[in-house]
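Single-letter residue listing:
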Amino acid sequence: TFHYSSLLIIPFLFFLFLKDKWTFLLFFLTAIFYPLGINEIIIKNISSISGIPLYEKIYTYGEGINAWVGFQLNFYLYSLFYSLLFLFMYFRFYKKEKLNFYILKIFLLLNSAYFIYGFGVYSNRYGIMAWSFLPFMQTIYFLPFLRNYLNDKNSTMIFLLILFLFGFFNYMIVLIPN
């Protein structure tokens, strides 16, 4: 079934056509503003000025249900960790590969949407779009890395162990309640 929260991604699509620095700026500002509650204030003011009940629709969705309401530290850290990891990998290993950056841009924009709209009930419905993209991101970024930068079995095993531990602990962060 169609979920209306997916429509809220549309404004972020315009960033795909802008210079890369605007995507970075949006991502870092939304990542900083989200835990401070500033994104919620911005959406509330935009809703008030425009007359569009966006804030109310996000904030009161599933009213009376106390599941994943507002800022969730575990989801935030999970999203931030992978965003920063892929940013690091891109600038360290893949800077000349435009396709990798375009895919990274999509991932950062999906996370920005989560950071902006994540104040409401079931905030994970915004994060799931970026989180569902993770296996694709991991494949795009880690397979070439293993093939190009790790030449022996020991290095590959160490890298895979580190990757497993990061994945395991990040997954545990999502499961541990605030």
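Further up the page is the structure itself.
Because the structure is a prediction, the values reported are computed rather than measured.

Reading the values: rules and limits
- Residues numbered from 1 in each chain as written.
- Predicted model: local features only at pLDDT ≥ 70, side-chain atom pairs only at ≥ 80, totals over all residues.
- Heavy atoms only, no water.
- Axes fitted to C-alpha atoms, helices over the stretch in contact; angles between N-to-C directions.
- Helix = DSSP H or I, 4+ residues; strand = E, 2+ residues; numbered from the N terminus.
- Parallel < 35°, antiparallel > 145°, perpendicular 65-115°, else oblique.
- Left-handed = near helix turned anticlockwise from the far one by under 90°.
- Contact = heavy atoms within 4.5 Å.
- Nonpolar A, V, L, I, M, F, W, Y, C, P; charged D, E, K, R; others polar.
- Salt bridge = Lys/Arg side-chain N within 4 Å of Asp/Glu carboxyl O.
- Buried < 20%, exposed > 50% of the residue type's maximum accessible area, 1.4 Å probe, protein only.
- Patch = residues over 30% accessible without salt bridge, like charges linked within 9 Å, V, L, I, M, F, W, Y side chains within 5 Å.
- Areas by Shrake-Rupley, 256 points an atom, 1.4 Å probe, with all protein chains shown as cover.
- Phe/Tyr/Trp six-rings, centres within 6.5 Å; stacked < 30°, edge-to-face > 60°.

Caption draft 1: How the structure looks around the packing of helix 2 (residues 20-36) against helix 5 (residues 73-93). With their axes 12 Å apart at the nearest point, helix 2 and helix 5 run at an angle of 155° to one another. The angle between helix 2 and helix 5 places the two elements in the roughly antiparallel class. Two packed elements cross with a definite hand, and for helix 2 against helix 5 that hand is left-handed. Note on element contacts: helix 5 touches helix 2 through Tyr-76, Leu-80, Ser-83, Leu-84, Leu-87 and Phe-91, opposite Phe-24, Phe-27, Phe-28, Ala-31, Tyr-34 and Pro-35. Residues that form the contact of helix 2 with helix 5 fall into these classes: 11 nonpolar, one polar and no charged.

Caption draft 2: A look at the pattern of salt bridges. Scanning the model with the defined rule gives one salt bridge in all. In this structure, Asp-20 and Lys-105 form a salt bridge, with 3.2 Å as the shortest nitrogen-oxygen distance. Of this pair, Asp-20 sits in helix 2 while Lys-105 sits in helix 6 (residues 98-117), placing them 85 residues apart in sequence. When its relative accessible area of 3% is taken as the criterion, Lys-105 is described as buried.

Caption draft 3: Inspection of a nonpolar patch on the surface at higher detail. On the surface, Leu-7, Ile-10, Leu-13 and Phe-14 cluster together into a nonpolar patch covering about 380 Å² of accessible area. Tracing the sequence through the fold places Ile-10 in helix 1 (residues 10-13).

Caption draft 4: Just the packing of aromatic side chains, in detail. Across all of its chains, the model carries 24 aromatic pairs by this definition. Residues Tyr-78 and Trp-131 carry aromatic rings whose centres are separated by 6.0 Å and whose planes lie at 75° to one another, so their mutual orientation is edge-to-face. Here the residue Tyr-78 occupies a position in helix 5, and Trp-131 occupies one in helix 7 (residues 124-131), the gap between them amounting to 53 residues. Comparing Tyr-78 with Trp-131 shows no difference in burial state: the two are buried. Both rings, one in Phe-107 and one in Phe-133, keep their centres 6.4 Å apart while their planes meet at 20°; by these two values the pair is stacked. Note that Phe-107 is positioned in helix 6 and Phe-133 in the loop between helix 7 and helix 8 (134-149), a separation of 26 residues in sequence. Among the residues examined, Phe-107 registers a relative accessible area of 1% and is labelled buried.

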